[in-house]
Amino acid sequence: QKEVEQNSGPLSVPEGAIASLNCTYSDRVSQSFFWYRQYSGKSPELIMSIYSNGDKEDGRFTAQLNKASQYVSLLIRDSQPSDSATYLCAAWAQKLVFGQGTRLTINP
Amino acid sequence: DAGVTQSPTHLIKTRGQQVTLRCSPISGHKSVSWYQQVLGQGPQFIFQYYEKEERGRGNFPDRFSARQFPNYSSELNVNALLLGDSALYLCASSLQSGPSDTQYFGPGTRLTVL
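Summarised in this report is the structure supplied together with it. For clarity, every value in this text was computed on a predicted model and none was experimentally measured.

Before going further, it helps to examine the overall build of chain A. Assigned secondary structure in chain A consists of 0 helices and 11 strands. Each helix and strand of chain A, ordered N terminal to C terminal, gives the series β-β-β-β-β-β-β-β-β-β-β. By the compact-globule yardstick of 13 Å for 108 residues, chain A fits well, its C-alpha radius of gyration being 13 Å. Taken along its principal axes, the extent of the C-alpha atoms in chain A is 40 × 30 × 20 Å. Of all 108 residues assigned to chain A, the portion counted as buried reaches 45%. For chain A, contacts bridging at least 24 residues in sequence account for 53% of all contacts bridging at least 6. Carbon and sulfur atoms form 45% of the exposed surface of chain A, whose accessible area is close to 5100 Å².

The next point concerns the side chain of Q48 of chain B. Looking at where Q48 of chain B falls in the secondary structure, it is placed in strand β5 (residues 44–50). In terms of polar contacts, Q48 of chain B uses its side chain to reach the side chain of S31 of chain B, at 3.3 Å. In this view, Q48 of chain B contacts W92 of chain A together with S31, V32, S33, E53, E54, R55, G56, S94, Q96, S97 and Q103 of chain B; residues no more than four positions away in its chain are not counted.

Moving on, we come to the state of the cysteines. Residues and elements named next belong to chain A. Under the criterion given, the structure shown has 2 disulfides over all chains. The disulfide partner of C23 is C89, and the gap between their sulfur atoms is 2.1 Å. One quick way to see it: the torsion about the S-S bond of C23 and C89 is about -70°, and its sign makes the bridge left-handed. Of this pair, C23 sits in strand β3 (residues 19–25) while C89 sits in strand β9 (residues 85–92), placing them 66 residues apart in sequence. Assessed through its relative accessible area of 1%, C23 is described here as buried.

Rules of the game
- Residues numbered from 1 in each chain as written.
- Chains lettered and ligands numbered in written order.
- Predicted model: local features only at pLDDT ≥ 70, side-chain atom pairs only at ≥ 80, totals over all residues.
- Heavy atoms only, no water.
- Helix = DSSP H or I, 4+ residues; strand = E, 2+ residues; numbered from the N terminus.
- Rg over C-alpha atoms; globule rule 2.2 N^0.38 Å.
- Buried < 20%, exposed > 50% of the residue type's maximum accessible area, 1.4 Å probe, protein only.
- Contact = heavy atoms within 4.5 Å.
- Areas by Shrake-Rupley, 256 points an atom, 1.4 Å probe, with all protein chains shown as cover.
- Polar contact = N/O pair within 3.5 Å; in protein donor to acceptor, adjacent residues only side chain to side chain.
- Disulfide = S-S within 2.5 Å.

Take it as geometry only, folks, not as evidence of what the structure does.
Below you can see the structure in the form of structure tokens.
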């Protein structure tokens, strides 16, 4: 099992809807989790980090961590076309380990 | 404040050559990490340095080496380039090198090996 796994997509969501991105992780991963957004041809930019079970909200973004089920998710409310990008889930395993990313397209 | 900077932006090399990539961290950050990202994949960890010492090494061959300087900038060297080394090389900086230290990425260096 890979340390961090994501569905590569593409995930298509209508404008204004909620986009839900999921990530699962293995036992080799510890307590820190991060979501990055990467536009085509650009470098990853941090959306948010989460360390504790439960939800963490920042504007239109909510990260959810469930350690018992070993998954972390990112919800994007009121999706905008500018949210179209690849979303990378990352976790700490004595180094930062990334999933392969989920490509999200918001359709106007 | 300036973010992470990397140079050069693009680089074209031929097989067998050597390349040096450079990175300057965010002011005040003491840790630099290097990643390789091939198209369609997430970044793969190569090295992490903190206070000029290597803190982690990924599953890359010995052709890859790095160092960190007293001003916390860093260089990544790749010898005997192969076609498969073509990728986006990302540098990330963080305050320290622990699990809760958020890493911020530079714009990357696009390396093409012909």
